Amino acid sequence: MCPKNSLQDLGIGQTDRRRIVIIGGGFAGLRLAGGLQKSNYQIVLLDRKNHHTFQHLLYQVATAELEAGAIAYPLRKVLKNHPDYHFRMVRVERIDPARNSVVTRYGDLRYDYLVIATGAETHFFGMDSVARHALPMKTIAEALDIKNRMLKNLEDALLTPDADERRTLATVVIAGGGPAGVETAGAFADFKRFVLPRDYPDLDPNLFKIYLIELLPRLLAQMSEEASESAETYLKNMGVEVFTETRIQNYDGHTVKTDKTEFPARLLLWTGGISGAFIDGLGEGLVDKKGRIAADRFCRVNGLENIYALGDVVHMATENHPEGHPQLAAVAVQQGEYLAGHFLDIEKGRKSKPFRYTDRGMMANIGRKKGIIELENGRNYKGFIPWISWLAVHLFFLAGFGNKLKTFATWAWIYTSRDMATPIILEKQDD
Ligand SMILES: Cc1cc2nc3c(=O)[nH]c(=O)nc-3n(C[C@H](O)[C@H](O)[C@H](O)COP(=O)(O)OP(=O)(O)OC[C@H]3O[C@@H](n4cnc5c(N)ncnc54)[C@H](O)[C@@H]3O)c2cc1C
């Protein structure tokens, strides 16, 4: 219900256009909005942040390679040329399908069509101690926390007289051997090789340990065994210690306890799990155990005519993906494009075809000049060409021309100087 004195429809005037409300300006929401540029709908985008985040490059912010602003894009600028586009920075708390409204602390907003594109949230599998002390990497603010902690730990390591504490401060544990964990481990290994000896000459580089811990039997489990082996070999050669089939059980901020061994470390970076960021109110039985909302092949939430779900938050079972699609940007982008087409079909009175995911393969950047690409036909490539291709693809998909330019210039500089672009601790200091 609307709080007292709240603005009618969050201050957005009703026009004669039908209103599409999109919750979430991530990969899916952004692509959907972009596809509606020439449509006749009123488009309202709601997000708790005022920017889109290019999550693939969060690890480069966390490892002091890229400026945070280079991977963000302001959501107010999304549909600059659409006459009836509105953005509100607000968290949607509940959906009220009976009243065709979403509920926020500033008031309710009515919709003709609602699209839930809220992505996923970090999931700690009920481990309270890990949730309290580990650092997740899902937002820019979290990536900056990781960078600040890593750099501050190194400064503290130089100031402590206690040798064990120095080692603990200089150790990084990464939980999760998916693309985010693997790429972060590679970036830390490059940091250790190129930056540490130059910027921290008083610190023994051997103290800087990088542990990568994965629960499953292999890294990059969504790719083939060959790709997993390549990633593991690359990382081991770069000095990363990889532990597969290892379950993290507890972390008190000083020691990571697993079912096999313990790792004294002041930084545990968590990329170990996500669950769908569903919003309350849709009714019983629509959310699966991974927090994803069940939808049909038209992205329509089961049983609800005018509510759709996209990207990481949707569970759409198909012949090729009976358990739902992988939670990847490619799926989110294709679903966003698809739904834009579906809304244009509705406008023109046409019938839509069901959504079909086109798998174009996967890629990972393990560090300087080391990339892995797996094409949709299962073919694998590794080394310099996949690395360059990874850089090109990520540059292409990064939102905003200014961001592309900044990122390209930073990468060129990092590559030639073998340095970090942003080794600055940006947090409030006690003294
Ligand atoms: C570190 C990292 C690395 C990754 N690397 C890759 C990769 O290499 N390749 C790949 O394909 N995928 C990668 N992914 C996964 C990819 O980023 C996701 O699949 C993709 O972001 C999903 O898009 P989405 O639009 O569903 O959600 P998101 O992009 O997460 O966007 C969701 C949006 O919804 C907003 N939101 C959530 N709840 C609310 C609410 N209640 N009210 C208002 N707004 C809300 C959020 O603020 C956010 O802006 C990576 C993810 C991470 C975290």
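Residues numbered from 1 in each chain as written. Predicted model: local features only at pLDDT ≥ 70, side-chain atom pairs only at ≥ 80, totals over all residues. Heavy atoms only, no water.

Tallied over the entire structure, the rule returns 18 aromatic pairs. Ring centres of Tyr211 and Phe263 lie 4.7 Å apart, and the angle between their planes is 50 degrees; this geometry places the pair in the tilted category. Here the residue Tyr211 occupies a position in strand β13 (residues 209–213), and Phe263 occupies one in strand β17 (residues 262–264), the gap between them amounting to 52 residues. The exposure classification of Tyr211 matches that of Phe263, with both residues buried. Summarising the aromatic geometry, the rings of Phe243 and Phe263 are spaced 5.0 Å apart at their centres and angled 80 degrees between planes, so their arrangement reads as edge-to-face. (Phe/Tyr/Trp six-rings, centres within 6.5 Å; stacked < 30°, edge-to-face > 60°. Helix = DSSP H or I, 4+ residues; strand = E, 2+ residues; numbered from the N terminus. Buried < 20%, exposed > 50% of the residue type's maximum accessible area, 1.4 Å probe, protein only.)

At a minimum axis separation of 9 Å, helix α9 (residues 384–397) and helix α10 (residues 401–417) run at an interaxial angle of 155 degrees. Relative to α10, the element α9 lies roughly antiparallel. Between α9 and α10 lies a crossing whose hand is right-handed. Contact with α9, carried on its side by Trp387, Trp390, Leu391, His394, Leu395, Phe396 and Phe397, involves Lys404, Thr407, Phe408, Trp411 and Tyr415 of α10 and no other residues of that element. Among the residues making up the contact of α9 with α10, the classes are represented as nine nonpolar, two polar and one charged. (Axes fitted to C-alpha atoms, helices over the stretch in contact; angles between N-to-C directions. Parallel < 35°, antiparallel > 145°, perpendicular 65-115°, else oblique. Left-handed = near helix turned anticlockwise from the far one by under 90°. Contact = heavy atoms within 4.5 Å. Nonpolar A, V, L, I, M, F, W, Y, C, P; charged D, E, K, R; others polar.)

Here strand β15 (residues 248–251) runs beside strand β16 (residues 255–258); their pairing, made up of three bridges, is antiparallel. In the strand pairing of β16, Tyr251 is matched with Val256. (Pairing = 2+ DSSP bridges.)

Our next topic: the sheet that holds strand β12 (residues 171–175). Judged by pairing direction, the sheet is parallel, and its five strands sit side by side in the order β11-β18-β12-β13-β14 without closing on themselves. Looking at which strands have only one partner, the edges of the open sheet turn out to be β11 (135–136) and β14 (240–243). As defined by bridge partners, β13 adjoins β14 across four bridges and the pair is classed as parallel. By the bridge assignment, Tyr211 is partnered in β14 with Glu241. With respect to the sheet, helix α6 (residues 179–199) is in contact with β12, β13, β14 and β18 (267–270), its orientation differing from that of β13 by roughly 170 degrees.

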